[in-house]
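# Structural features, examined
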Amino acid sequence: MGIINSWEWVPRDCNLERIDPWRFLGLMRNRNIGFVGDSLSENFLVSFLCILRVADGGAKKWKRKGAWRGAYFPKYNVTVAYHRAVLLANYKWKPKHSAVSAQDELKGVYRVDVDIVADEWSSIAGFYDVLVFNTGHWWGYDKFPKETPLVFYQHGRPINPPLGLLDGFQVVLENIVHHIQKEVPKNTLKFWRLQSPRHFYGGEWNQNGSCLFDRPLEENQLDLWFDPSNNGVNKEARTLNHLIRKAVQGTDIQVLDLTHLSEFRADAHPAIWLGEKDAVSIWGQDCMHWCLPGVPDTWVDILVQLIHSSFKTG
């Protein structure tokens, strides 16, 4: 952990201050911050809560309004919480019922209603003053293989011709952005966090992929790892980022780009240090989430400065 945190992101031509928890909660008094998305948003939230808790000894766990995890800071009347919605859209498992030939490997499908938001965040409009959205890590064939694929629905009916994963991702993005623009109040500060890069070397998470590195990558190594044209294991971050930027263009949703600074940090994932016996043999190395303290603390510093400047000017 000491080695991981001996490295610090220093942005070019600007000053990135470390968060002052007391000052920040004072700025946010009587306001709330919500994260909506996959487990990397939870990673982000946990970093945030660990930093903020020192400013309010009376902080309490908070899990209302569909939140998966969060905290309430009574001294400042501030709530910071995470809503788990890995696709952002509503999806549910539909097992196969019909008898088919033995060659058919389909076990069932996951129905995704592209025009219906997940229940976990359907009732939060108006509660949060700052919202940070993300989705991406579940949009892969490692999560939804051909035996259990995603099938996309709109207006209650299957979309025809059926959409592949990337096209489905794009349609979900368009619908979610439309929902946010229509349902979330204009004065809510909205961010869409771009992808958190993975660092699997030698294979996917379920194919013995590894990240036992003791130092960050060099800048000249990044394209080899992440450029989609190289068709590597970790190419999806930049591919999805392109589609996300396109979807939020022309809206009041700000892009929170934490991808590039995180691409360097192949050394900062839990890897084999998962805290549970036999976890690696069951799940493989974790080269997706981040150790804490670690990289997400820098994400917090960046988000806090953006919030501070937005409230200051707005």
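Rules behind the numbers
- Residues numbered from 1 in each chain as written.
- Predicted model: local features only at pLDDT ≥ 70, side-chain atom pairs only at ≥ 80, totals over all residues.
- Heavy atoms only, no water.
- UniProt positions renumbered as here; feature names shortened; annotations may be inferred.
- Axes fitted to C-alpha atoms, helices over the stretch in contact; angles between N-to-C directions.
- Helix = DSSP H or I, 4+ residues; strand = E, 2+ residues; numbered from the N terminus.
- Parallel < 35°, antiparallel > 145°, perpendicular 65-115°, else oblique.
- Left-handed = near helix turned anticlockwise from the far one by under 90°.
- Contact = heavy atoms within 4.5 Å.
- Buried < 20%, exposed > 50% of the residue type's maximum accessible area, 1.4 Å probe, protein only.
- Core = buried A, V, L, I, M, F, W, Y, C linked by side-chain atoms within 4.5 Å.
- Pairing = 2+ DSSP bridges.

You'll find the protein entered in an unreviewed UniProt entry as Trichome birefringence-like C-terminal domain-containing protein, with Hibiscus sabdariffa given as the organism. Checking UniProt for the protein, the heading Sequence similarities (unreviewed entry) contains the comment "Belongs to the PC-esterase family. TBL subfamily."

Taken N-terminus to C-terminus, the directions of helix H3 (residues 165–183) and helix H5 (residues 236–248) make an angle of 30 degrees; their axes are 9 Å apart at the nearest point. Relative to H5, the element H3 lies roughly parallel. Crossing hand, H3 versus H5: right-handed. Within the contact between the two elements, H3 uses Leu166, Phe169, Gln170, Leu173 and Val177 and H5 uses Thr239, Leu240, Leu243, Ile244, Lys246, Ala247 and Val248.

Okay, the environment of Gly250 next. With respect to the helices and strands, Gly250 occurs in the loop between H5 and strand S11 (253–256). What makes Gly250 exposed here is its relative accessible area of 83%. Here the alpha-carbon distance between Gly250 and Arg29, two residues 221 residues apart in the chain, equals 30 Å.

Glancing now at the nonpolar core. Within the largest apolar cluster, 44 residues are counted, with the highest numbers of intra-cluster contacts made by Phe24, Ile33, Phe35, Phe48, Val80, Leu303 and Ile307. When neighbours within four sequence positions are excluded, Val80 is seen to be in contact with Ile33, Phe35, Leu45, Phe48, Leu49, Leu52, Gly70, Ala71 and Phe73. Within the second largest apolar cluster, 40 residues are counted, among which are Ala67, Leu88, Val184 and Leu243.

With mixed pairing, 4 strands are arranged side by side in an open sheet as S5-S6-S8-S9. Of all strands in the sheet, those with a lone pairing partner are strand S5 (89–95) and strand S9 (157–158), marking the two edges. Taken together, the 2 bridges between strand S8 (residues 150–154) and S9 define a ladder with antiparallel strand orientation. The residue of S9 that forms the bridge with Tyr153 is Pro158.

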